[in-house]
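# Observations on chain architecture
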Amino acid sequence: MIPRTVFSEEHEQFRDTVRKFLEKEAAPFHSQWEKDGQVDRALWTKAGEMGFLCPQAPEAYGGLEVDFGYNAIVDEEIARAGLTGIGWALHSDIAVPYIANYGSEEQKQKYLPKCISGEIVTAIAMTEPGAGSDLQGLRTTAIKKDDHYLLNGSKTFITNGQHADLVIVVAKTNPEAGAAGTSLLLVEADSPGFKKGTNLEKIGMKAQDTSELFFDDVKVPAENLLGAEGQGFVYLMQELPQERLSVALGAVANAEAALGWTLDYVRERKAFGRAIAGFQNTQFKLAEMDAELTAMRVFVDRCLELHCDKKLDVATAAKAKLLTTDFQCKLLDECVQLHGGFGYMWEYPIARAWADARVQRIYAGTNEIMKLIISRELLKE
Ligand SMILES: Cc1cc2nc3c(=O)[nH]c(=O)nc-3n(C[C@H](O)[C@H](O)[C@H](O)COP(=O)(O)OP(=O)(O)OC[C@H]3O[C@@H](n4cnc5c(N)ncnc54)[C@H](O)[C@@H]3O)c2cc1C
């Protein structure tokens with residue numbers, strides 16, 4: 001592998017701490033959490049104590065105020081260990097940055113310290129039963145009445161949906177104005193009229209709580225509007241590159257781990273009197289995977305460097321998400337094949353990784369939407 005240059009010695013010390021923490025506090029329990037459909041809530045506060053949540057957040061609110069490389073390390077270590085139930089990336093890389101970047105001083109003081117400590121788990125609710133890729137088709141409304149917004153509608157597939165204490169809801173504050181009438185609201189989970197649906201049963205990421213959310217005349221105080229009214233889409237467009245980079249980082253780290261598990265397996269497993277690593281087909285498959293993995297790693301590290309310099313553009317982030325997640329799924333499929341029947345058994349990490357990875361091509365904008373973004377940039381005058 002080409003040596004990675006994106007991380008400093010401090011980053012690597014942080015990685016070591018994260019890795020040891022996950023080995024002790026998460027890996028031994030993850031199978032049980034898969035059965036429970038969610039991780040133990042105490043894991044969040046333990047991670048908060050360690051400084052693993054929202055490392056970028058300003059020191060003034062209790063954060064470490066470090067670069068996104070620290071978030072990347074947490075994402076990579078979770079992906080490397082296949083601990084896909086842990087929704088910290090959604091919290092630290094996706095939801096909380098909206099509060100940090102667009103929140104009022106009062107909102108930051110009220111919410112950020114508890115997001116950093118793990119006392120508050122966040123979610124972001126964009127998708128609805130009738131609108132996912134086409135967010136302009138959202139039907140959830142938040143109509144201003146005196147000192148509050150009256151929120152009505154429903155959301156689905158919301159990560160951290162069961163644990164969430166605070167949800168950033170994307171809603172139409174002016175339903176006639178299309179994209180320009182869309183806003184973000186901070187909705188506390190104990191607000192009257194806000195109900196969480198059941199924990200959805202998925203084909204992978206079984207320890208990740210993913211839910212429907214229902215809003216029935218929820219009175220959201222006017223001061224819980226995030227940023228300016230009508231700017232919801234602008235904020236989403238600004239924040240989505242970080243979300244997509246986060247997915248890409250996880251994809252490459254998970255693919256690297258899967259190749260490692262497969263190397264161990266093919267050395268051990270015997271067929272026709274020799275290790276299956278001795279077959280040319282196995283060697284060629286491994287070589288192809290490793291060559292592509294090297295290219296993905298270098299590209300994503302460069303994207304990470306660009307992002308830390310605030311120079312990662314929307315189309316490049318879309319390319320990273322598209323290439324790495326397509327590749328992750330292809331690699332995992334080849335690795336399952338090399339494991340034979342054992343590769344289909346849930347107790348094998350490769351089987352779980354294969355099932356867990358499938359959604360990577362769907363969420364954070366489907367890979368078809370990534371192609372739209374890239375081609376729009378290519379064809380623009
Ligand atoms: C496990 C999981 C976790 C999730 N977490 C969250 C979350 O935390 N918050 C949240 O808001 N959402 C979340 N989602 C929702 C996810 O972002 C959406 O599922 C995704 O954006 C796709 O939307 P959709 O399901 O409505 O599919 P659709 O938009 O209906 O798409 C169906 C198919 O049509 C294709 N398609 C749609 N439009 C076009 C087009 N213009 N050109 C070409 N092809 C097109 C799509 O690529 C896809 O293949 C999650 C989903 C899952 C499964």
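The coordinates are above.
Numbering of residues starts from 1 in every chain and runs along the sequence as written. Thresholds applied to this predicted model are a pLDDT of at least 70 for local features of residues and 80 or more for the giving and counting of side-chain atom pairs; totals over whole chains, interfaces and linings are not thresholded and use all residues. Side-chain metrics in this entry use all non-hydrogen atoms of the structure; hydrogen atoms and water are not considered.

## Overview of the pattern of salt bridges
A pair is scored as a salt bridge if a Lys or Arg side-chain nitrogen falls within 4 Å of a carboxyl oxygen belonging to Asp or Glu. All told, the structure shown has 23 salt bridges when counted by the stated rule. We note a salt bridge from Arg 19 to Glu 77, for which the minimum N-O separation is 2.7 Å. You can see Arg 19 sitting in helix α1 (residues 9-25) and its partner Glu 77 sitting in helix α4 (residues 68-80), a full 58 residues away along the chain. Judged by its relative accessible area of 2%, Glu 77 is buried. Only DSSP runs of H or I reaching four residues or more are called helices, and only runs of E reaching two or more are called strands; each is numbered from the N terminus. Burial classification: accessible surface area is computed with a 1.4 Å probe over protein chains only, and a residue below 20% of its type maximum counts as buried, one above 50% as exposed, and the rest as partly exposed.

## Some thoughts on the environment of Val 247
Mapped onto the elements of the fold, Val 247 is located in helix α7 (residues 232-268). Note on Val 247: relative accessible area 10%, which makes it buried. Spatially, the C-alpha atom of Val 247 lies 14 Å from that of Phe 299, the residues being 52 residues apart in sequence. Contacts between residues were defined by any pair of non-hydrogen atoms, one from each residue, lying within 4.5 Å. Other than its neighbours up to four places away in sequence, Val 247 contacts Lys 321, Thr 325, Gln 360, Tyr 363 and Ala 364.

## Remarks on a negative patch on the surface
Together, Glu 105, Glu 106, Asp 146, Asp 147 and Glu 223 give the surface a local cluster of negative charge. When you line up the elements, Glu 105 lands in helix α6 (residues 105-117). Exposure above 30% relative accessible area and the lack of any salt bridge qualify a residue for a patch; like charges then connect within 9 Å, and the nonpolar side chains Val, Leu, Ile, Met, Phe, Trp and Tyr within 5 Å. In these tables, accessible area is a Shrake-Rupley quantity obtained with a 1.4 Å probe, and a residue counts as shielded only by the protein chains included in the view. Positive charges come from Lys and Arg alone, negative charges from Asp and Glu alone, with His and the N- and C-terminal ends not counted. Where a charge lies is defined by one atom per residue type: Lys uses NZ, Arg uses CZ, Asp uses CG and Glu uses CD.

## Description of the side chain of Thr 156
Locating Thr 156 in the fold gives a position in strand β3 (residues 148-159). The class for Thr 156 is buried, based on a relative accessible area of 6%. Look past the residues within four positions of Thr 156 in its chain and what remains in contact with it is Thr 127, Glu 128, Pro 129, Leu 200, Ser 211 and Glu 212.

## Comments concerning the site of the ligand
Definition of nearness: a residue and a molecule or strand are near each other if at least one heavy atom of the residue lies within 4 Å of the molecule or strand. Every one of the 16 residues lining the ligand counts as a neighbour, but Thr 127, Ser 133, Thr 159, Thr 366 and Glu 368 are closest to it. Between the ligand and the protein, one listed contact pairs an oxygen atom with a side-chain N or O atom of Thr 366 at 2.7 Å. Side-chain polar atom of Glu 368 to an oxygen atom of the ligand: 2.6 Å apart, as the coordinates give it. Taking 970 Å² as the accessible area of the ligand by itself, protein coverage stands at 64%. Side-chain atoms alone can form a polar contact between residues adjacent in sequence; in general such a contact is a pair of N or O atoms within 3.5 Å, and within protein one must be able to donate a hydrogen while the other accepts it.

## Structural notes on the environment of Ala 357
Mapped onto the secondary structure, Ala 357 falls in helix α10 (residues 349-357). With 29 residues separating them along the chain, Ala 357 and Gln 328 place their C-alpha atoms 7.2 Å apart. Not counting residues up to four positions away in its chain, the partners in contact with Ala 357 are Gln 328, Cys 329 and Leu 332.

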